[in-house]
Amino acid sequence: MTLEIFRNFSDSQQSQRLPDSQPLLQIQHLRKYFPLPQGIGRALLRKPRRIVHAVDDVSFNIQKGEILALVGESGSGKTTIGMNVLGLQIPTSGKIIFDGCNIAEWAQGRMPCGKGTQIPEKLSSRQQILSLRRRAQMIFQDPYESLNPRQTVFQIVAEPLEIHGLTSSWEEKEDRVRKALEDSGLTPADHFWERYPDGLSGGQRQRVVIAGALVLEPELIVADEPVSMLDVSIRAEFLTLLLNLRHTRGITILYTTHDLATAGFFTDRMAVMYLGRIVEIGPTQEILANPRHPYTRALVSVVPAPNPRRRRERVILEGEVPNPIDLPSGCRFHPRCPFAFADCKVIDPPYAGSGDHLAACLLVKE
Ligand code: SF4
């Protein structure tokens, strides 16, 4: 998939954008640290406990109906953010506000969070957690691992309805499963629902995963590298399906990926992550056309160009990503940055830029 293809496609999709309204999701100074087990040697020497800084002071909003890509290498913290957004992990500090509700309190069963004014007065903690699961769903990377091979497609998609007690009759259940399958591109639905995952292609399995999420009519989907296990030939088809779901159902999507090309294919905005921080954020096409942070420039430079005669200059970064236990001082990208200068080792760069396109680099001015 080349930059040109996704630019053309994205331009053609601008008219599908939903109007900006209010943020559905607000991430405020999110930190997620993982303390490592203290070995006997370190404990005896009274050395401080070592901590993995997986996510370190990350803030961003997503509007209702928007698709935002979190882009970064493995270990940059993007998947950890997705897990915290869904309440599968509890932040070390900071807040995640989903439609006015604090996710951490919600996920721990300390407060209910219904839709709008429909907040039930008394819910058990399990019901409170289920209320979150119903409104925010995750699509995992591996459709082979996500599906129970002993269940039929119908059983897989109907199961969330049963867990949440959302249907009162068999007919209603059939109707909702049929609609979810057809909206996921598995038509006619009846042709698929007696089949088992083993008899489906990778793309069809991932569509079943989506149907299992859609059947609950969520407002937010966290899609964690959903196409990385799929054949290249069907990735565009699958991403178009996600784009159409935003259009037809108004679903907000947080898309995490290491692949800038797929992010450019269908997302509105992009946040580029490096070592637990967002280093650049802004409208996707603007970042691709004019990346401002040296790390983003390096990522954009290696996306295949459509015309081999108009090759862009490749920026190959030296060295490895530093250990998230011992973060570099100042700008955490300085050990690999081709433009680093003395201040970069001591100053943690604030965000700078214009409008909604910002980058954390001392070379970027207003
Ligand atoms: Fe490179 Fe310095 Fe900018 Fe960091 S602050 S990205 S080291 S130039």
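Small disclaimer: the values here were computed from a predicted structure and weren't measured. (Residues numbered from 1 in each chain as written. Predicted model: local features only at pLDDT ≥ 70, side-chain atom pairs only at ≥ 80, totals over all residues. Heavy atoms only, no water.)

What's the story with the packing of helix α7 (residues 153-164) against helix α9 (residues 202-214) in this structure? I'm lost.
When two helices pack together, their arrangement is captured by the angle between the axes and the distance separating the axes. Running from amino to carboxyl end, α7 crosses α9 at an angle of 30 degrees, the nearest separation of the two axes being 7 Å. With respect to each other, α7 and α9 are oriented roughly parallel. The way α7 lies across α9 gives a crossing that is right-handed. In contact with V153, I156, V157 and P160 of α7, α9 contributes V208, A211 and G212. (Axes fitted to C-alpha atoms, helices over the stretch in contact; angles between N-to-C directions. Helix = DSSP H or I, 4+ residues; strand = E, 2+ residues; numbered from the N terminus. Parallel < 35°, antiparallel > 145°, perpendicular 65-115°, else oblique. Left-handed = near helix turned anticlockwise from the far one by under 90°. Contact = heavy atoms within 4.5 Å.)

What is the right way to read helix α8 (residues 170-183) from this model?
Residue pairs spaced three or four apart in an α-helix point in one direction, given the helix's 3.6 residues per turn. Helix length check: α8 (14 residues) gives 20 Å between terminal C-alpha atoms against 20 Å at 1.5 Å per residue, within 8%. For α8, the complete set of buried residues consists of K173, R176, V177, A180 and L181. Along α8, the residues classed as buried sweep out an arc of 130 degrees about the axis, all on the same side. Directly beyond the C-terminal end of α8, a positive phi value near 90 degrees is found at G185. (Expected span 1.5 Å × (residues − 1). Buried < 20%, exposed > 50% of the residue type's maximum accessible area, 1.4 Å probe, protein only. Arc of directions from axis to C-beta.)

Could you clarify how one ought to interpret the pairing of strand β6 (residues 136-139) in this entry?
Walk down a regular strand and you will see the side chains alternate between the two sheet faces. In β6, alternate side chains face the same way, and those of A136 and M138 on one face and Q137 and I139 on the other are all buried. Relative to strand β7 (residues 220-224), β6 runs parallel, the two being bridged by four bridges. Along β7, the bridge assignment pairs M138 with V222. (Pairing = 2+ DSSP bridges.)

Looking at this structure, I do not really get the nonpolar core. What am I missing?
A general tendency of soluble globular proteins is for nonpolar side chains to be buried together. Counting 61 residues, the largest nonpolar core has V157, L181, L242 and Y255 as its most contacted members. Every residue in contact with Y255, bar those within four places of it in the chain, is listed here: L68, A69, L70, A223, P226, V227, L239, T262, A263, F266 and T267. (Core = buried A, V, L, I, M, F, W, Y, C linked by side-chain atoms within 4.5 Å.)

Got a minute to help me understand the pattern of salt bridges in this structure?
Once the charged atoms of two side chains with opposite charge are near each other, the side chains can pair. Scanning the entire structure with this criterion turns up 16 salt bridges. Between D56 and R31 there is a salt bridge; the shortest N-O distance is 3.4 Å. Note that D56 is positioned in strand β2 (residues 51-63) and R31 in strand β1 (residues 23-35), a separation of 25 residues in sequence. Of the residues examined, D56 reaches a relative accessible area of 6% and is grouped as buried. For D183, the salt bridge is made with K179, and the minimal N-O distance between the two is 2.9 Å. Taken together, the positions of D183 and K179, both in helix α8 and four residues apart, correspond to about one turn of that helix. For D183, a relative accessible area of 24% corresponds to the partly exposed category. Classification of K179 by relative accessible area gives partly exposed; the value is 49%. Look at the salt bridges and you will find they share partners, linking R31, D56, D57 and R332 into a network. (Salt bridge = Lys/Arg side-chain N within 4 Å of Asp/Glu carboxyl O.)

How should a nonpolar patch on the surface be read in this particular structure?
On the surface, a nonpolar cluster with roughly 270 Å² of combined accessible area is contributed by F339, F341 and L363. Topologically, L363 is positioned in the segment after β12 (357-360). (Patch = residues over 30% accessible without salt bridge, like charges linked within 9 Å, V, L, I, M, F, W, Y side chains within 5 Å. Areas by Shrake-Rupley, 256 points an atom, 1.4 Å probe, with all protein chains shown as cover.)

Would you take a moment to explain the site of the ligand for this structure?
With respect to spatial proximity, 13 residues lie near the ligand, and among them C331, C337, C344, C361 and L362 are the closest. Residues belonging to the shell around the ligand are distributed by class as follows: eleven nonpolar, two polar and no charged. (Near = heavy atom within 4 Å. Nonpolar A, V, L, I, M, F, W, Y, C, P; charged D, E, K, R; others polar.)

Help me out: how do you make sense of the sheet that holds β7 in this one?
Strands belonging to one sheet form pairs held by backbone hydrogen bonds; the direction of such a pair is parallel or antiparallel. Pairing in this open sheet of eight strands is mixed, and the strands run β6-β7-β8-β3-β9-β10-β12-β11 from one edge to the other. Each edge of the sheet is formed by a strand with only one pairing partner; in this case those strands are β6 and β11 (351-354). When the angles between neighbouring strand axes are averaged without regard to direction, this sheet yields 20 degrees. Each of β9 (269-274) and β10 (277-283) is contacted by helix α13 (residues 294-301), which is oriented at about 110 degrees to β9, the strand it contacts most.

What's the story with the side chain of E66 in this structure? I'm lost.
On the secondary structure map, E66 appears in the loop between β2 and β3 (67-71). Overall, E66 belongs to the buried group, its relative accessible area being 9%. Polar contacts involving the side chain of E66 include one to the main-chain amide nitrogen of Q63, which spans 3.0 Å. The residues contacting E66, other than those within four sequence positions of it, are N61, R246, T252, I253, D268 and R269. (Polar contact = N/O pair within 3.5 Å; in protein donor to acceptor, adjacent residues only side chain to side chain.)

How should the sheet that holds strand β4 (residues 93-98) be read in this particular structure?
Across the sheet, which stays open at both edges, the four strands sit in the order β2-β1-β4-β5 with antiparallel pairing between neighbours. One side of each edge strand has no neighbouring strand; the edge strands of this open sheet are β2 and β5 (101-102). Where β1 lies against β2, ten bridges are found, and the strand directions are antiparallel. Across the sheet, L30 pairs through a bridge with V58, a residue of β2. Together, β1, β2 and β4 form the strand contacts of helix α3 (residues 78-85), whose direction differs from that of β1 by roughly 115 degrees.

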